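Spelled out, the chains give:
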Number of protein chains: 2
Amino acid sequence: MKKEISGHIVDVRNQKIYDGVVTIENHHIVSISLSDKVEEQYLMPGFIDAHVHIESSMLLPENFAILASRHGTVGVVTDPHEIANVLGVKGVEFMIENSKKTPFHFCFCAPSCVPATPFETNGFAISSAEIEPLMKNPDIYGLAEMMNFPGVLSGDAEVLRKIEASLHAGKPVDGHAPGLLGADLEKYVAAGISTDHECTTIEEAQQRVQLGMKVLIREGSAAHDFDALSPLLQDCPDKLMFCSDDKHPDELLDGHINQLVKRALALDYPFWNVLRAATVNPVEHYHIPCGLLQPGDAADFIVVDNLRDLNVLQTYISGEVFEGNVNNVALHEYYEGHIAAKEQESTNSWPNNFQAQPIELKDLRVEPLSRQMRVIVSSDGSLLTDVEVVEPLVKEGNVVSDLEHDVLKMVVYNRYTPAKPQVAFIKGFGLKEGALASTIAHDSHNLIAIGATDEALLAVVNHLISLKGGLAVCEMQDGKPVFKSMSLPVAGLISPCSGEEVAYQFDKIAAVSFRLGCQFIAPFMTLGFMALPVIPKLKLTDKGLFDSEKFAFTELFV
Amino acid sequence: MKKEISGHIVDVRNQKIYDGVVTIENHHIVSISLSDKVEEQYLMPGFIDAHVHIESSMLLPENFAILASRHGTVGVVTDPHEIANVLGVKGVEFMIENSKKTPFHFCFCAPSCVPATPFETNGFAISSAEIEPLMKNPDIYGLAEMMNFPGVLSGDAEVLRKIEASLHAGKPVDGHAPGLLGADLEKYVAAGISTDHECTTIEEAQQRVQLGMKVLIREGSAAHDFDALSPLLQDCPDKLMFCSDDKHPDELLDGHINQLVKRALALDYPFWNVLRAATVNPVEHYHIPCGLLQPGDAADFIVVDNLRDLNVLQTYISGEVFEGNVNNVALHEYYEGHIAAKEQESTNSWPNNFQAQPIELKDLRVEPLSRQMRVIVSSDGSLLTDVEVVEPLVKEGNVVSDLEHDVLKMVVYNRYTPAKPQVAFIKGFGLKEGALASTIAHDSHNLIAIGATDEALLAVVNHLISLKGGLAVCEMQDGKPVFKSMSLPVAGLISPCSGEEVAYQFDKIAAVSFRLGCQFIAPFMTLGFMALPVIPKLKLTDKGLFDSEKFAFTELFV
């Protein structure tokens, strides 16, 4: 069946705007004709997020697509790094399979660094022997962010084999090299790595562009590099893309790449440079089979009200119509019932890797071995921590949370193999009662929890174990734990619920954590980085307290 | 009026081939529709010659367009360097004005180096004060080949002002830097120069591409770099273009950029890389307002029989149809009458700069000042000469041509200001009788002639003076000169005749020169370089014998 849509056509590929009628048939654009009489709306190529971990939205690909397409996103380049740490190649395959339920362009890259480090326990490793067959899969578009840049520079054979497998298949290799400059950067580029999304300064970005790399301007829930890097848009038509890296469900509800395009245009950066970064450049670099509003192309494009407000009226993907954000609906309480039913019915049918057994109160006891204790010092939304030495608060021979000084007990518990929970202490979260916990803890996604009392901590940990993954807060009412939680039955990372439902739950849980005294705007995001050993200074993994400046495990007591 | 053309559409911009119908109205493509039933022919973007001196074809732009479009060329980037040396900015303006008689895309660049050197006399200089207003002219697309690379490297103020004027107007600056490598090349690029068409080795070309320059693969009447540079097509989709630099009328009759595309495809270089070099890349780099077979584009495209033979059936430029080379006609004698009439009627109406007065036999006399004489040694088609010292042949106190040893008398005569003709001797041309002469002599286009006898030389020089420019051969029959000549009344460089007529005359004159004993396949091209002082080793300019190794004038006698 033919369908005609008219409007001002924004032809980014050819950098011109003209009035015309687009005719769609069989998922493709079968004709484009100039016309003097068109609807007062703009048709333009859809936006691409050139690097995002879908798992950060806690959504299945099929649900991510519904939410992202509302903002004019028609495709993403995505690294299933999180689920791969839990489930290995099977996790990658699950994501690909689920993504096929929607025409949205999911371009998966093979995770290059699973596990990321030997300092924590993850579910599976992905070696070069597994990367090689993955690269033959037409659903794999490249090798995802090569974080192991020391391995690249030292010529680590396993690292080079992974890169070679991708290049040999004609697929690009993404970089991840914060701060790398000069001769080392040249060596990294010479290894065949062609992008970086980790630039935080214009100098870093300019060096990369000069060496022929593409730079991804990243603005997501965790990283905010738009202000630093957007000046590149002034002169660089073909080396830039936009990405979010991580986008939490509540923020994905508000907007996506459309926000960056709108900001860049409001700052008067050259129109076509901005539009290319959001559309043509990623399509070309990653060979995304995404239409660009040309005759014969797949019918992938968006309809917006005007080029200033960029309100998305409709998003066409492969000819299928998705509603735009102008029709956005408010979140209502009635989601609650839906959610419970959905979680109930399906918890056991999802792929997961959750072996941890319930713990006991004695597992959380800490013997005071000295009067001086190392404490992790966290700050809102930051991957970095500081370290302080404090005097432990001891009750009945057990070091407990010191609420007066905001020194809270924290636990990280291996969810893959039998082990004792690791216990340490952290400042910054500000809890005055209760506890919070998550099975989203980069990069290995073990169970991480912080509590105002051992009892609340125990309760929240065992609650998440019973759910086999999720986010939870625990309030003690009359000595009994009351939970507010979101179940993440897919690998302990992803909910089967819709984007609105997940965003709603996510907001609710955060609201409870504020009520318990937590000062952070993004408590679960911050919590999720407290077990990430490679980022300074002091972290707690399932294997113990890790000093990333000395790059070695350390003791709780000085 | 609407017009529909169907075929297999080769969409180089989007790198796909599909069957469709193109609808043209008001010089534009108003619709492209997919179709299952199309003519068995291919529609593709037309070819661009990214650097050519139109003057080398000896044709007016309007006539060049007819011949070039026959081979699928729809546009050229052109440097009116030759006519600018004769007429200054007026010459540039004349070419632009004439080019407007055809929809063919003539993208003129402002000549950057007029005069090229102080070692010969030309008609006019073009200073930065004249470049600046030219750059405001929308018919000027950039600054033409910056040959003065020593000036760029030393930071010559006048050179930098010209470059700055072009960059400031948002227009590219073309390079010309044979052999420049390493740090000097980096400095040249840093000055804002973005192309080079003078590479003859793959190493030169690769260094330029790595520094972000575009490399023009040149194959024309004088330079033949295709074999050396075509391997770049293997991996380089966006940094290459094709150009001819110089294309003589007889060779332009046979083919143009279509020949290079065909050769490259026969060598199995990647299809889209080859097509991009011939179409999209120059259009983008020079911002040529040339359609690329996209909806709304100007109707600029070609119709070819298939992608192997590339026989051009039709060339559309701005919706106007030009016949293709499949309808090529043979050259006939009857052109003679046309030509004579056309030359007769219009000789005085063309712009020219020809002040030279007839010379006398005594002006050609050379006193034998020693027994050792420096002689220029030429070889067919080469800009380079060697030098030999020989014993002069003296008759009646005058050094004359020594036919036995192929040492011929040569004269270069300033055509702009009163001066004495300069006389020297040259080996290689092999004339056994008669003389040949030309007013195409790079870069200043003074009158240059070579003769077997002083009488023939005198006759041919004065004949060209009577024509106010052209090419001529002179045969002595019964002691009287008989001429075969082509009048070039436009600046002494260009004929008002059609491409076929000029090619026919050019071939005829060459045929006579062969009969007179000349061994060279391209006698007039070789002759045209014998006054070019900057190319080693020994040359004769209107100011005297020039030793380009010592970079100074020298004496005829040792």
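In this text, all values refer to a predicted model and were calculated from it rather than measured experimentally.

Draft legend 1. A look at the pairing of strand E24 (residues 470-477) of chain B. Residues and elements named next belong to chain B. Most of E24 is tucked away, with six of its eight residues classed as buried. Note: strand E22 (residues 435-438) against E24, four bridges, orientation antiparallel. Within E24, the residue paired with Leu436 across the bridge is Val473. Inspection of the sheet shows E24 paired to strand E25 (residues 480-487) by eight bridges, in the antiparallel sense. Bridged to Glu475 within E25 is Val482. Hairpin connection from E24 to E25: two residues lie between these consecutive antiparallel strands, with Asp478 at a positive phi of about 55 degrees.

Draft legend 2. Representation of helix H15 (residues 454-467) of chain A in the model. Residues and elements named next belong to chain A. Given a rise of 1.5 Å per residue, 14 residues ought to cover 20 Å, and the 20 Å separating the end C-alpha atoms of H15 matches this to within 8%. Among the 14 residues that make up H15, 11 are buried, leaving the element largely enclosed by the rest of the structure. Every buried residue of H15 is accounted for by Asp454, Ala456, Leu457, Leu458, Ala459, Val460, Val461, His463, Leu464, Ile465 and Leu467. Each element contacted by the buried residues of H15 is listed here: strand E19 (398-400), strand E20 (407-413), strand E22 (435-438), strand E23 (447-451), strand E24 (470-477) and strand E25 (480-487).

Draft legend 3. Summary view of the relation of the copies chain A and chain B. Note on the copies: chain A fits chain B at an RMSD of 0.0 Å, the axial shift is 0.0 Å, and the rotation between them is 179 degrees. The superposition of one copy onto the other is thereby described by a two-fold rotation axis. The C-alpha atom lying nearest the rotation axis in chain A is that of Ile32 of chain A; the distance is 2.8 Å. Take the interface residues of chain A: 100% of them recur as interface residues in chain B, which is what a same-surface contact looks like.

Draft legend 4. Region of the structure containing the interface of chain A and chain B. Contact with chain A, which involves 14 residues of that partner, is made by 14 residues of chain B. Interface area for chain A against chain B, summed over the two sides, is near 1300 Å², with a carbon-plus-sulfur share of 43%. In terms of surface lost to chain B, no three residues of chain A exceed Arg13, Leu34 and Pro295 of chain A, which account for 36% of the buried area on that side. The interface formed by chain A and chain B contains two salt bridges. A salt bridge links Lys16 of chain B to Asp297 of chain A; the nearest nitrogen and oxygen atoms lie 2.3 Å apart. Counting across the chain A and chain B interface gives 13 residue pairs in polar contact (both at pLDDT 80 or more).

Draft legend 5. Up close: the layout of surface pockets. Residues and elements named next belong to chain B. Here the second largest pocket defines a volume of roughly 1100 Å³. Every residue lining the second largest pocket is counted, 47 residues in all, and those nearest its centre are Met147, His176, Asp443, Val534 and Ile535. Going through the elements one at a time, helix H2 (81-87), strand E8 (140-146), helix H5 (149-154) and helix H6 (157-168) are the ones with two or more residues in the lining of the second largest pocket. Within the lining of the second largest pocket, the residues separate by chemical class into 24 nonpolar, 12 polar and 11 charged.

Parameters and conventions
Residues numbered from 1 in each chain as written. Chains lettered and ligands numbered in written order. Predicted model: local features only at pLDDT ≥ 70, side-chain atom pairs only at ≥ 80, totals over all residues. Heavy atoms only, no water. Buried < 20%, exposed > 50% of the residue type's maximum accessible area, 1.4 Å probe, protein only. Helix = DSSP H or I, 4+ residues; strand = E, 2+ residues; numbered from the N terminus. Pairing = 2+ DSSP bridges. Expected span 1.5 Å × (residues − 1). Contact = heavy atoms within 4.5 Å. Least-squares fit on C-alpha atoms with pLDDT ≥ 70 in both. Buried area = accessible area lost by both parts, 1.4 Å probe. Salt bridge = Lys/Arg side-chain N within 4 Å of Asp/Glu carboxyl O. Polar contact = N/O pair within 3.5 Å; in protein donor to acceptor, adjacent residues only side chain to side chain. 1 Å grid on protein atoms, 1.4 Å probe; cavity = no way out; pocket = protein on both sides within 12 Å on 5 of 7 lines; lining within 4 Å. Points joined across faces, edges and corners; volume = space filled by probe spheres on them. Nonpolar A, V, L, I, M, F, W, Y, C, P; charged D, E, K, R; others polar.

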